[in-house]
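Residue-level structural notes
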Amino acid sequence: MTLKRIFPLLLLVFINPSHAGEMLAFQNTYIIAAPPGVETMAAYLTVINSGKRDKKIVRIDSHQFESAEIHRSTVEAGVAKMEKLDILQVPANSMVELSPGGLHIMLIGPKQPVLPGEFVILRLEEADGTEHNLAVKVIFTAMDRKEHEHH
Amino acid sequence: MKHSGLSTPTLILATVILGLAALLAGLYVGTLSKGNQGDAITLTAGTLFPADFRALAEFELNDQTGQTFTRERLAGSWNLIFFGYTYCPDVCPLTLTIFKQIKAALAGEVRPQTSPLNFILVSVDPERDSPDRLKEYLDFFDPEFIGLTDTSTEQQQLNSLTRSLGAYYGKHEHEANEAYLVDHSAGIYLIDPQARAHALFSTPHRPDEIARDLLTIIENYKADDS
């Protein structure tokens, strides 16, 4: 490996301070494309807290949507329900998965049509004011996603 | 929380839950009695409706082309019915994706002389789901899927269908200009070619299992007068 190649890596190491492990990490982010004219979409992701302190996501928004809320779908006695959560808790040393049929970020009122292949910028804010900006890709359907994983 | 309350009183919900419990108890007993007759079929994901519960009430809904769709339109086909609405971002697209997977799994598996299989989304949100809106929505998933909505004022037609299937829906309380959510039965209902409730597929929905159960049911199906 030449020095030229190593240099950016060194930079990363120096820029990321020792408390890097305290930061929330986000994986497996996607939004499933919705039919035209649809007013709500769902964003999914996995939040990883490898730090020693509990974290809370208290606000989510996107300049591409009127609003965004944390929701949970449940089935109770055969009835599908959705409830709005004010806070997404991410306990220390744990992982919270937002996936179809469970926790999700409900995106309400797209300002322009959001099409497969495009990205939605989500801003997630923690209780202590820490912000995370994520570029989340819009995929066609959950089926497409599975196919991608297999290839 | 704005979305937490239901506009229908708790009493009604309790009644519906009791009704569901009674229906499920009926299904259980019905399955047992069928087993005793020695002609039972074994299902992985589905539960058969006992013969006493099968009759469907009359209803008159509109499909996504604006045409009238009554109980008689179900006759002569197998029909999978799911209750949902187009403003639902999570569970409903998921279930329509499961419909697509069931359809794909059955392609080429069903004998050609078998009655066709319809995939039907019945809107529990007729206020916002016009036939045009359902068309736009379903074309995205599969233009062959059927979308039904109630264009009557009091949703009596929709209630007729949900009641006779033991299904439930309820709109969340909301402020005047605010988008609302609707709770609804999560199951997939199978209606047979005699337009009778035949089986219920509860969540979680596994498309391969449902497809296998459908083949079992269809292959063992004999029309009768009961």
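The structure presented is a predicted model; accordingly, all values stated were derived computationally and were not measured. (Residues numbered from 1 in each chain as written. Chains lettered and ligands numbered in written order. Predicted model: local features only at pLDDT ≥ 70, side-chain atom pairs only at ≥ 80, totals over all residues.)

Across the contact, 29 residues belong to chain B and 27 residues belong to chain A. For the side of chain B that touches chain A, the secondary-structure elements that each account for two or more residues are α1 (10–36), α2 (91–106), α3 (131–141) and β8 (182–185) of chain B. Top element by residues in the side of chain B that touches chain A is α2(B). It accounts for six residues. The class makeup of the residues in the side of chain B that touches chain A is 14 nonpolar, 10 polar and five charged. Bridging between strand β5 (residues 79–85) of chain A and β8(B) involves two bridges; their strand directions are antiparallel. Across the sheet, A:V79 pairs through a bridge with B:S185, a residue of β8(B). (Contact = placed C-beta atoms within 7 Å. Helix = DSSP H or I, 4+ residues; strand = E, 2+ residues; numbered from the N terminus. Nonpolar A, V, L, I, M, F, W, Y, C, P; charged D, E, K, R; others polar. Pairing = 2+ DSSP bridges.)

This paragraph deals with the pairing of β5(A). Residue and element names in this part refer to chain A. In this sheet, β5 lies alongside strand β4 (residues 65–76) in antiparallel orientation, the contact comprising seven bridges. Each bridged residue has a counterpart across the sheet, and for T74 the counterpart in β5 is K81. Here β4 hands over to β5 after two residues, with A77 in that stretch at a positive phi of 50°.

Turning to the sheet that holds strand β2 (residues 60–63) of chain B, a few remarks are in order. All names here are of chain B. Strand order in the open sheet formed by eight strands is β1-β10-β9-β4-β5-β6-β2-β3, with mixed pairing between adjacent strands. Two strands close off the open sheet at either side, each with one partner strand: β1 (46–48) and β3 (68–70). Pairwise comparison of adjacent strand axes, ignoring direction, gives a mean angle of 35° for this sheet. Of the strand pairs in this sheet, β2 and strand β6 (residues 146–149) are connected by two bridges, and their pairing is antiparallel. If you follow D63 over to β6, its bridge partner there is L148. (Axes fitted to C-alpha atoms, helices over the stretch in contact; angles between N-to-C directions.)

In this structure, A:A43, A:I105, B:L80, B:I120 and B:Y189 are the most contacted members of the largest nonpolar core, which totals 85 residues. The dominant element in this core, judged by the number of residues it contributes, is α2(B), at seven residues. Residues within four places of B:Y189 in sequence aside, it is in contact with B:I81, B:L165, B:A197 and B:L200. (Core = buried A, V, L, I, M, F, W, Y, C linked by C-beta atoms within 7 Å. Buried ≥ 20, exposed ≤ 12 C-beta atoms within 10 Å, placed from the backbone.)

Any link to function would need more than the numbers given here.
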